[in-house]
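Descriptive structure summary
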Amino acid sequence: MINEIAAETGPDCPACGRAGVTASTHGSAEGTVGYARCGCGRWLVVLAGRVIGFTMG
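Residues numbered from 1 in each chain as written. Predicted model: local features only at pLDDT ≥ 70, side-chain atom pairs only at ≥ 80, totals over all residues. Heavy atoms only, no water.

1. Observations concerning the confidence of the model for the protein
Note the threshold: In predicted models, pLDDT denotes the confidence assigned by the predictor to each residue on a 0 to 100 scale. Contacts are assigned to residue pairs with any non-hydrogen atoms lying within 4.5 Å of each other.
Looking at the protein, the pLDDT average stands at 82 and 81% of residues meet or exceed 70. Note that pLDDT drops below 50 for residues 1-8; the model gives that stretch 3 contacts with residues more than four away or on any other chain.

Laid out in structure tokens, this is it:
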């Protein structure tokens, strides 16, 4: 159960520090790119496990 929860959470939001919940992932030439939704309302852009951008919320 804990592994399932960990798989659903993404990296921490740089604005509030909470873990994002992965909404989608896609393969790219740079690695896996994904989008995660944080509890504070921001969308996170994640590339190869690192947040590379986020909305202003």
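The discussion continues.
2. Digging into the environment of Gly 27
To keep it simple, the criterion reads: Numbering goes from the N terminus for both helices and strands, where a helix is a DSSP run of H or I of at least four residues and a strand is a run of E of at least two. Summary of the burial criterion: residues with accessible area below 20% of their type's maximum are buried, those above 50% are exposed, and those between are partly exposed, where the area comes from a 1.4 Å probe applied to protein chains only.
Here Gly 27 lies in strand β2 (residues 19-28). For Gly 27, a relative accessible area of 72% puts it in the exposed group. Sequence separation between Gly 27 and Leu 47 is 20 residues, and the spatial gap between their C-alpha atoms is 9.7 Å.

3. Describing the pairing of strand β3 (residues 31-37)
Selection rule: Should DSSP find at least two bridges between two strands, the strands are taken to pair.
In this structure, β2 lies alongside β3, joined through 7 bridges in antiparallel fashion. Note that in β3 the partner of Ser 28 across the bridge is Gly 31. Joining the antiparallel neighbours β2 and β3 is a turn of 2 residues. In this structure, β3 lies alongside strand β4 (residues 43-47), joined through 5 bridges in antiparallel fashion. Considered in β4, the bridge of Gly 34 is made with Val 46. In sequence, β3 turns back onto β4 through a hairpin of 5 residues, with Gly 41 there showing a positive phi of about 100°.

4. Notes on unusual backbone geometry
Peptide bonds are mostly trans, and most non-glycine residues show a negative phi. You will see that Ala 48, though not glycine, has its phi angle at about 50°, which is positive. Here Ala 48 is to be found in the loop between β4 and β5 (50-54).

5. Re the pairing of β5
Sheet topology note: the β4/β5 ladder contains 4 bridges and is antiparallel. Bridge assignment links Val 45 to a residue of β5, and that residue is Gly 53. Here β4 folds back onto β5 in antiparallel fashion, the turn holding 2 residues, of which Ala 48 has a positive phi close to 50°.

6. Observations concerning the state of the cysteines
Where we set the bar: Any pair of cysteine sulfurs within 2.5 Å is marked as a disulfide.
In this structure the tally under the stated criterion is 0 disulfides. Considering cysteine sulfurs only, Cys 16 is the nearest to Cys 38, which forms no disulfide, with 3.4 Å between them.

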